[in-house]
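# Results of the structural survey
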Protein chains: 2
Amino acid sequence: MRSKSRVLPVAGITSAQPQPHPIVHEDRRVAFVFDAPQATSVKVFVRGDATDISKEPIDLVKGENGQWAVTVGPVRPGFHYYNMVVDGASCVDGQAEVCWGWGRVMNALEVPDPDYGFYLPRDVPHGEVRLHYYHSAITGALRRAIVYTPPGYDQGRKRYPVLYLQHGAGESERGWTWHGKANFILDSLIADGKCAPMIMVNDQGYAAEGGMKAFGTEEQGSNVFPRVFVEELVPDVDAHYRTLADRDHRAVAGLSMGAGQAMQIGLTHLDMFAGIAAMSGGLRRFDAQTSYEGAFRDPAALNARLRLLWFGAGQEEGAAQRKAELEGTLGKLGVNYVWYDCIGAHDWNTWRKHLLDLAPRLFRD
Amino acid sequence: MRSKSRVLPVAGITSAQPQPHPIVHEDRRVAFVFDAPQATSVKVFVRGDATDISKEPIDLVKGENGQWAVTVGPVRPGFHYYNMVVDGASCVDGQAEVCWGWGRVMNALEVPDPDYGFYLPRDVPHGEVRLHYYHSAITGALRRAIVYTPPGYDQGRKRYPVLYLQHGAGESERGWTWHGKANFILDSLIADGKCAPMIMVNDQGYAAEGGMKAFGTEEQGSNVFPRVFVEELVPDVDAHYRTLADRDHRAVAGLSMGAGQAMQIGLTHLDMFAGIAAMSGGLRRFDAQTSYEGAFRDPAALNARLRLLWFGAGQEEGAAQRKAELEGTLGKLGVNYVWYDCIGAHDWNTWRKHLLDLAPRLFRD
């Protein structure tokens, strides 16, 4: 289990500091360690389709000191969810970074990517990530959006365009900054002059009438979420931030469940949004006449109205098939859209790259 | 294990939504549940001195469905750290709220307090909690401070006083908002006209030269933290926020380890701070001639210089003794100071009350 490779400092998710577990080596092997002197079995369960390691829980081996350990890999670069399994029970390791996905608190593994380091914080001006609380009359609950303001926001009087960017099912408003590192991606794009300085808003993608319940499903979420979004969130953001409060400077995007929400909200509110992006989702059960309240009935009119319609997927989550489906539906109708695919599965490594492609295409004046 | 009492919705720490575990009843009994069909022992370990329940791990009982459960209490109102123990191994429950204390990720239990609900979010204007990133030349690392801006900050051009408020050992910059709910406490005080609208800054209380290491001890922290604080953090905050950048509008406070830091930083930089507050700490190994670079050598001059010197403690962590010590040292010297004690131990329930007493005393023009 000993390694001569250098241990990499990996920035934490909820803090700027790394946690002691797991140990990530320069050669992308990862050492999981866990104290459980009395347990008879300790495993690590790395989730997702693109781990390059076992999709089943992996046994750790008990050492003489009662500390269990296993070194696996090389592990595919990027972000991976995992949890520990102690005598059959799913547990979170308190000495590792935590995040929120799969409908619960999970551990997070970040393996630096030599080819795609664009999401790591660089020594450039940093925007702020703000926890923005607002009361929803529709749900009767306190809600929290995460709002990124670009570097220099507080030092000037400039107004900015807004990208509304939503998470997927089983995740939360924390995902795009905790897991996606969207703030650092935008910091670097802005510093390099590759995208317009913009505000980014990540709201909770769930909203139920009559008070907040536990995180729900897409069906529950679709209940009143679009109303909360359009009637409460957007006006609240326009009231509290220096936005360019018109459709040309407002885009709505999301991943997976959020892709469906972005399509539904954007295409039925073209008076509010001129940019729509669907990452790893959207356009299910498409009908040119009836879907999205008939938004695709007049493709020429839609083309004239939308400044950007963007679709993306990871190559390991059926990107080729999605691309063909789009060509067979929207393409055939003559709808203008941008397609982007990249190496990656249905995970945050894909979505980080999606944002890297999407952001520079938005708000080009 | 069944209860007829109403289940309370308890706002989450890292989100606005509650997690499913544990179940908190109106009569303050708390049901812990945990899935572990193959485990032979599951316990819950509630930490701290003021739980009103066992200080040792408490056994859960296995049900027929493989779910373990125990109902305890009534549990003392307020915030409690805890973790699960599965066959002897410390684990975090992924279906409960998480927080960062005791040098690691822990679970959090919040039992609503009928007498002290001042820390819960009310339907008043909310300030923002901002993650503010900055590069430290002294440590060579990216650092993150949490900055509270009061309601209306973005809508006006007003400048605000700043309270620097530090966490204790084994905790982090997240503590005052994740555990302490300082943002909601200030929201309500400001809405009620009980304290001046102010900016609050919580920095990481650890800083080591030559790059960031894992969270350290007070000794490690005292290494370069005061320099980072005075030479980097305060100028950065004054550059990025609309502060009233003079000593009359700047206070430094902290709890436990942070109390020591506040005393050390404040008393040796009276040109920068006119308010100093030490919660559950400070004034160790006091010598009137040499401590704090001789700040107490001339009590009359110090009284004329300081607008507020505040000490507080919980009655269950030796408040009476601390109070007597202060009377025997500073009191005897004729130093003006405020003393405040309250029901509570060395925990967040005490420190929430401390902030409630402290904030209204600051920045009275």
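Residues numbered from 1 in each chain as written. Chains lettered and ligands numbered in written order. Predicted model: local features only at pLDDT ≥ 70, side-chain atom pairs only at ≥ 80, totals over all residues.

## Looking at the overall build of chain A
Condition: For helices the rule is a DSSP run of H or I covering at least 4 residues; for strands it is a run of E covering at least 2, with both sets numbered from the N terminus onward. Comment: burial labels come from other C-beta atoms within 10 Å of the residue's own C-beta, placed from the backbone, where a count of 20 or more is buried, 12 or fewer is exposed, and between is partly exposed. C-beta atoms are placed from the backbone for every residue, and two residues are taken to be in contact when these atoms lie within 7 Å.
Helix and strand counts for chain A stand at eight helices and 18 strands. For chain A, with 365 residues in total, the buried portion stands at 52%. For chain A, the proportion of contacts with a sequence separation of at least 24, taken over those separated by at least 6, is 70%.

## Comments concerning the pairing of strand 17 (residues 308–314) of chain B
Residues and elements named next belong to chain B. Let me state the cut-off plainly: Strand pairing is assigned whenever DSSP detects at least two bridges linking the two strands. With the strands pointing away from the viewer, any crossover whose connection runs clockwise from the first strand over the helix to the second is right-handed.
For strand 17, a buried count of six out of seven residues is recorded, marking the element as mostly surrounded by other parts of the structure. Note: strand 16 (residues 275–279) against strand 17, five bridges, orientation parallel. Looking at the pairing, glycine 275 lines up with leucine 308 of strand 17. Sheet topology note: the strand 17/strand 18 (residues 338–342) ladder contains five bridges and is parallel. Following the sheet pairing, phenylalanine 311 is matched in strand 18 by tryptophan 339. Following the chain from strand 17 across helix 7 (residues 319–333) to the adjacent parallel strand 18, one finds a crossover that is right-handed.

## Comments concerning the nonpolar core
We apply this condition: A set of buried Ala, Val, Leu, Ile, Met, Phe, Trp, Tyr and Cys residues, joined to one another through C-beta atoms within 7 Å, is what we call a nonpolar core.
Counting residues in hydrophobic clusters, the biggest one holds 198 residues, and the most contacted among them are Val86, Ala253 and Ile276 of chain A together with Val86, Ala253 and Ile276 of chain B. Apart from the residues lying within four places of it in its own chain, the contact partners of alanine 253 of chain A are Leu163, Tyr164, Leu165, Ala262, Ala277, Met279 and Leu358 of chain A.

## Things to note about the sheet that holds strand 2 (residues 30–35) of chain B
All names here are of chain B. Ordered by their spatial adjacency, four strands build an open sheet running 1-2-6-5, and the pairing between neighbours is antiparallel. At either end of the open sheet lies a strand with only one pairing partner, and these are strand 1 (23–24) and strand 5 (61–62). In this structure, strand 1 lies alongside strand 2, joined through two bridges in antiparallel fashion. Residue pairing across strands places isoleucine 23 opposite alanine 31, the latter belonging to strand 2.

## Topic: the interface of chain B and chain A
Heads up, the condition is: The nonpolar class holds Ala, Val, Leu, Ile, Met, Phe, Trp, Tyr, Cys and Pro. Asp, Glu, Lys and Arg form the charged class, and all remaining residues, Gly among them, are polar.
Between chain B and chain A, the contact holds 45 residues from the first and 46 residues from the second. Looking at the side of chain B that touches chain A, the elements with two or more residues in it are strand 7 (78–86), strand 8 (89–91), strand 10 (104–111), strand 11 (128–135) and strand 12 (142–149) of chain B. Among the elements that make up the side of chain B that touches chain A, the one with the highest residue count is strand 11 of chain B (seven residues). Here the residues of the side of chain B that touches chain A are counted per class, giving 21 nonpolar, 14 polar and ten charged.

## Some points on the sheet that holds strand 1 (residues 23–24) of chain A
Residue and element names in this part refer to chain A. Spatially, four strands are ordered 1-2-6-5 in an open sheet, and the strand pairing comes out antiparallel. The sheet is open, and its two edges are formed by strand 1 and strand 5 (61–62), each paired on a single side. Strand direction decides the pairing type here: strand 5 and strand 6 (residues 67–72), joined by two bridges, are antiparallel. By the bridge assignment for strand 6, lysine 62 is matched with tryptophan 68.

## Topic: the relation of the copies chain B and chain A
So the rule is basically this: Least squares is used to superpose the copies, and the fit set is the C-alpha atoms of residues whose pLDDT is at least 70 in both copies.
By a simple turn and slide, chain B fits onto chain A: the slide is 0.0 Å along the axis, the RMSD is 0.0 Å, and the turn is 180 degrees. Taken together, the rotation angle and the small translation identify this as a two-fold axis. Most of the interface of chain B is mirrored in chain A, where 100% of its interface residues are also at the interface.

## Some remarks on helix 5 (residues 257–267) of chain B
With respect to burial, helix 5 of chain B is a largely interior element, eleven of its eleven residues being buried. All of the buried residues in helix 5 of chain B are Met257, Gly258, Ala259, Gly260, Gln261, Ala262, Met263, Gln264, Ile265, Gly266 and Leu267 of chain B.

## Some thoughts on the domain arrangement of chain A
Accessible area lost on assembly of the parts is the figure often given for the size of an interface. Residue and element names in this part refer to chain A. Quick note on the threshold: Residue ranges for the domains originate in an automatic or database domain assignment.
If you check the domain split of chain A, you get domain 1 (23–111) and domain 2 (128–361). At the junction of the two partners, domain 1 supplies ten residues and domain 2 supplies 14 residues. Broken down by secondary-structure element, the contributors of at least two residues to the side of domain 1 that touches domain 2 are strand 7 (78–86) and strand 9 (98–101). The leading source of residues in the side of domain 1 that touches domain 2 is strand 9, at three residues.

## Observations regarding helix 7 of chain B
Residues and elements named next belong to chain B. So the rule is basically this: One less than the number of residues in a helix, times 1.5 Å, gives the span that helix is expected to have. Bend is the name given here to the angle between axes fitted to two runs of seven residues, the run ending at a residue and the run starting at it.
Relative to the 21 Å expected for 15 residues at 1.5 Å per residue, helix 7 spans 20 Å between its end C-alpha atoms, a close match to the ideal helical length. Of all the bends in helix 7, the largest measures some 35 degrees and sits at glutamate 327. The set of residues buried in helix 7 consists of Ala319, Arg322, Leu326 and Leu330. At the C-terminal side of helix 7, glycine 334 shows a positive phi close to 85 degrees.

## Observations regarding unusual backbone geometry
Here the bond from glycine 73 of chain A into proline 74 of chain A is cis, since omega is 10 degrees, no more than 30 degrees from zero. Cis peptide bonds are those with omega within 30 degrees of zero, and the linkage from histidine 21 of chain B to proline 22 of chain B qualifies with -20 degrees. As for its placement among the helices and strands, proline 22 of chain B is situated in the segment before strand 1. Non-glycine residue leucine 283 of chain B carries a positive phi angle of around 60 degrees. With respect to the element layout, leucine 283 of chain B can be found in the loop between strand 16 and helix 6 (299–305).

## Notes on the confidence of the model for chain A
Residue and element names in this part refer to chain A. Defined as follows: pLDDT is a residue-level measure of predictor confidence that goes from 0 to 100.
A residue-level look at chain A finds 92% of positions with pLDDT of 70 or above and a mean pLDDT of 90. Note that residues 211–222 has pLDDT below 50 and, in this model, 24 contacts with residues that lie over four places away or in other chains. Interface predicted TM-score (ipTM) for the complex: 0.91; the corresponding pTM is 0.93.

## Section: the packing of helix 4 (residues 225–240) of chain A against helix 5 (residues 257–267) of chain A
Residue and element names in this part refer to chain A. Applied cut-off: Fitted lines through C-alpha atoms serve as axes, helices being fitted only where they are in contact, and the angles separating the N-to-C directions of these axes extend from 0 to 180 degrees. Under this scheme an angle from 65 to 115 degrees is roughly perpendicular, one under 35 degrees roughly parallel, and one over 145 degrees roughly antiparallel; angles in between are oblique. By convention the crossing between two helices is left-handed if the near helix lies anticlockwise of the far one by an angle smaller than a right angle, and right-handed if it lies clockwise.
At their nearest, the axes of helix 4 and helix 5 sit 10 Å apart, and the two run at 55 degrees to each other. Compared by their axis directions, helix 4 and helix 5 come out oblique. Once helix 4 is placed against helix 5, the crossing between them reads as right-handed. Residues Phe225, Pro226, Phe229 and Val230 of helix 4 form the contact with helix 5, whose own contacting residues are Gln261, Gln264 and Ile265. For the contact of helix 4 with helix 5, a count of residues per class yields five nonpolar, two polar and no charged.

## With respect to the environment of valine 147 of chain A
Residue and element names in this part refer to chain A. If you trace the backbone, valine 147 turns up in strand 12 (residues 142–149). It is 9.9 Å that separates the C-alpha atoms of valine 147 and leucine 163, two residues lying 16 residues apart in sequence. If we ignore the near neighbours within four places in the chain, the residues touching valine 147 are Arg130, His132, Ile199, Val201 and Tyr241.

## Brief notes about the environment of tyrosine 337 of chain B
Residue and element names in this part refer to chain B. Along the chain, tyrosine 337 falls in the loop between helix 7 and strand 18. What makes tyrosine 337 partly exposed here is the crowd of 18 C-beta atoms within 10 Å. Sequence separation between tyrosine 337 and phenylalanine 311 is 26 residues, and the spatial gap between their C-alpha atoms is 7.4 Å. Residue contacts for tyrosine 337: discarding those within four places in its chain leaves Leu309, Trp310, Phe311, Leu326 and Leu330.

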